[in-house]
Amino acid sequence: MSSLFSVPTIAHVGISFSDTAIRFVRFFFFFHTLIPVVHAEYTLPDGAIQNGHIIDTKAVTDVLVRIHKQCAQKFVALNIPFEVVELAMLAVPKESTDVGASVRSMLAERTSLDVSDSIIGYKVVAHTDKALMVQVSILAQTVAKEYLRACLSANLMPIAFEYEGHVLARALLPTNHAGVSIIVSIGAATSALVLVSEGVVYGHKIISHGTETYIKLLMKERSIDGKEAMEILETDGVERSALDTTTILIDRVDELKDMIESWYIALSQKKGSTIGKLTEVIITGASIPGLTEYLSAGMRVPVSEGNPWRHCFSFDAYIPALTHTDAQRYSGAIGVTLPDGAHINLLPVMQRKLIARTRQMKKLFLILTIIAALAVIGLIGLVVSKQL
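Structure report, in brief. (Residues numbered from 1 in each chain as written. Predicted model: local features only at pLDDT ≥ 70, side-chain atom pairs only at ≥ 80, totals over all residues. Heavy atoms only, no water.)

## Description of the sheet that holds strand β9 (residues 131-140)
Working step 1: Read from one edge to the other, the open sheet built from three strands follows the order β7-β9-β8, with strand pairing classed as antiparallel. The open sheet is flanked by β7 (85-93) and β8 (118-127), the only strands paired with a single partner. When strand polarity is set aside, the average angle formed by the axes of neighbouring strands in this sheet is 25 degrees.
Working step 2: Judged from the nine bridges that link them, β7 and β9 form a sheet pairing that is antiparallel. Bridge assignment links L87 to a residue of β9, and that residue is S137.
Working step 3: Where helix α3 (residues 99-110) meets the sheet, its contacts fall on β7, β8 and β9, and the angle it forms with β7 comes to roughly 115 degrees.
Working step 4: The strands touched by helix α4 (residues 141-153) within the sheet are β8 and β9, with β9 carrying the most contacts at an inclination of about 60 degrees. (Pairing = 2+ DSSP bridges. Helix = DSSP H or I, 4+ residues; strand = E, 2+ residues; numbered from the N terminus. Axes fitted to C-alpha atoms, helices over the stretch in contact; angles between N-to-C directions. Contact = heavy atoms within 4.5 Å.)

Listed below in structure tokens is the structure:
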């Protein structure tokens, strides 16, 4: 009924994109609980998406058509990849009467960004005596149109485009986040590091380190194929009990540890930085046995695998079909559907206007339907009264 008479403000379907795959989860909302009812992962042809840019629109659209048929929902929210979104933290003078205009003016002065050809979303995240600290997300219009075109061609109606860093933070961290966390989202060829301090995402870094780093090394050292190497990685990982495998992979894990630590140090020691002591590291995207224990021992901070379901439901009440290991790959698709009034929506203006018109038309349709129903009831009552 809701899809007939209204356009939802929060999508029941979340879709995430990477260079290798598209994933989606459809939820059923029940008494403030989100129950996943359908999910799927579709592998993309090589080169269909490169560094977050859609290169082969047809290949992406074909996958989205399959998703539309499988989820049976029109309205969706998209998790926009790290690579195509820029972040900025701006100190806007408190006396500013138009924060949006001030943000655009400051970006135009301080960066080479073409403000007129970008979608700029922002929210105030802190106050000082003299300024408003404003978090800004920037998406090129051309990139936004790539994703919008693919969705509309598949008869999907996006109501939100959101930066992946914000999505992961919302999915994996507590609502009132305190301290400093680094989220490590492990992909196939690359991974992303996301730093969150007191609930605010301060930036991300893409590193050339992913599951393929370990798989290729296992293939070389053991003369095995990729499938077998993947099975060994998922089964043994770097567990102490799997000494043979751990010996092969441990140098690569040390490289990952060094990348995390050096990036954190660079951000925290930057002039004017207010980032405090690192309090935790959260791993998502892939589940490698023994990885959290090894990193925790080396970095001397708690390291754990994320729980993408933490804001969806209690395991005491519901056990999802997706295993904990598999759910790591769906963190982005899950997070983009979570209710939160503080979303920075990077949806193009023309699509926002279309959504607004659609809402108005559906409200009008609802009103006319009610009027027609009342008229029919009145007519029936009149006929019956005359017969009596």
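## Quick look at the pairing of strand β12 (residues 191-197)
Working step 1: Of all seven residues in β12, seven are buried; the element is thus mostly enclosed.
Working step 2: Where burial is concerned, the two faces of β12 agree: the one with S191, L193, L195 and S197 and the one with A192, V194 and V196 are both buried.
Working step 3: Across seven bridges, strand β11 (residues 180-186) lies against β12 in antiparallel orientation. Bridged to S181 within β12 is V196.
Working step 4: The hairpin formed by β11 and β12 contains four residues between the paired strands.
Working step 5: Direction of pairing for β12 relative to strand β13 (residues 200-207): antiparallel, over a ladder of seven bridges. By the bridge assignment for β13, V196 is matched with V201. (Buried < 20%, exposed > 50% of the residue type's maximum accessible area, 1.4 Å probe, protein only.)

## Some points on the sheet that holds strand β14 (residues 278-284)
Working step 1: Spatially, five strands are ordered β13-β12-β11-β14-β15 in an open sheet, and the strand pairing comes out mixed. Of all strands in the sheet, those bounded by a partner on one side alone are β13 and β15 (303-305). Across this sheet, the average inter-strand angle for adjacent strands is 20 degrees, counted without regard to direction.
Working step 2: Sitting on the sheet, helix α8 (residues 243-268) touches β11, β12, β13 and β14, and the angle it makes with β12 is about 40 degrees.

## Overview of the nonpolar core
Working step 1: Counting 63 residues, the largest nonpolar core has I15, L64 and F161 as its most contacted members.
Working step 2: In contact with L64, other than residues within four places in its own chain, are I15, F17, A150, C151, A154 and L156.
Working step 3: Core analysis: the second largest hydrophobic core is formed by 34 residues, V180, L193, I232 and V301 among them. (Core = buried A, V, L, I, M, F, W, Y, C linked by side-chain atoms within 4.5 Å.)

## Overview of the side chain of S102
Working step 1: Within the fold, S102 resides in helix α3.
Working step 2: Exposure remark for S102: the relative accessible area of 17% places this residue in the buried category.
Working step 3: There is a polar contact of 2.6 Å between the side chain of S102 and the side chain of S96.
Working step 4: Aside from chain neighbours lying at most four places away, what touches S102 is V92 and S96. (Polar contact = N/O pair within 3.5 Å; in protein donor to acceptor, adjacent residues only side chain to side chain.)

## Focus on the pattern of salt bridges
Working step 1: Inspection of every chain in the model, using the stated rule, returns eight salt bridges.
Working step 2: One salt bridge connects E41 with R23, and the closest N-O pair in it is separated by 2.9 Å. Here E41, found in strand β3 (residues 33-43), pairs with R23, found in strand β2 (residues 21-30); they are 18 residues apart in sequence, far enough to count as distant.
Working step 3: Residue classification places R23 among the buried residues on the basis of a relative accessible area of 12%.
Working step 4: Salt-bridge contacts for E255 lead to R252; the nearest nitrogen and oxygen are separated by 3.4 Å. With E255 and R252 both in helix α8, this residue pair falls three residues apart, about one helical turn.
Working step 5: A relative accessible area of 27% places R252 in the partly exposed class. (Salt bridge = Lys/Arg side-chain N within 4 Å of Asp/Glu carboxyl O.)

## Things to note about helix α2 (residues 57-71)
Three- or four-residue spacings in an α-helix give side chains the same orientation, since the helix completes a turn every 3.6 residues.
Working step 1: Its 15 residues place the ends of α2 21 Å apart at the C-alpha level, agreeing with the 21 Å of an ideal helix rising 1.5 Å per residue.
Working step 2: Along α2, the positions that sit buried rather than exposed are A59, V60, T61, V63, L64, I67, H68 and C71.
Working step 3: Next to the buried residues of α2 lie β1 (13-17), β2, β3, β4 (49-50), β5 (53-54) and α4.
Working step 4: Just downstream of α2, A72 is the residue with a positive phi angle, here 55 degrees. (Expected span 1.5 Å × (residues − 1).)

## Description of the packing of α8 against helix α9 (residues 291-299)
A pair of packed helices is characterised by two quantities: the angle between their axes and the separation of those axes.
Working step 1: Where α8 meets α9, the axes come as close as 10 Å, and the angle between the chain directions of the two elements is 55 degrees. One finds that α8 runs oblique with respect to α9. Here the hand of the crossing between α8 and α9 comes out right-handed. Between α8, through I250, V253, D254, L256, K257, I260 and E261, and α9, the contact on the second element is made entirely by L291, Y294, L295, G298 and M299.
Working step 2: Each residue belonging to the contact of α8 with α9 can be placed in one class, and the counts come to eight nonpolar, one polar and three charged. (Parallel < 35°, antiparallel > 145°, perpendicular 65-115°, else oblique. Left-handed = near helix turned anticlockwise from the far one by under 90°. Nonpolar A, V, L, I, M, F, W, Y, C, P; charged D, E, K, R; others polar.)

Worth remembering: the numbers are spatial, not functional.
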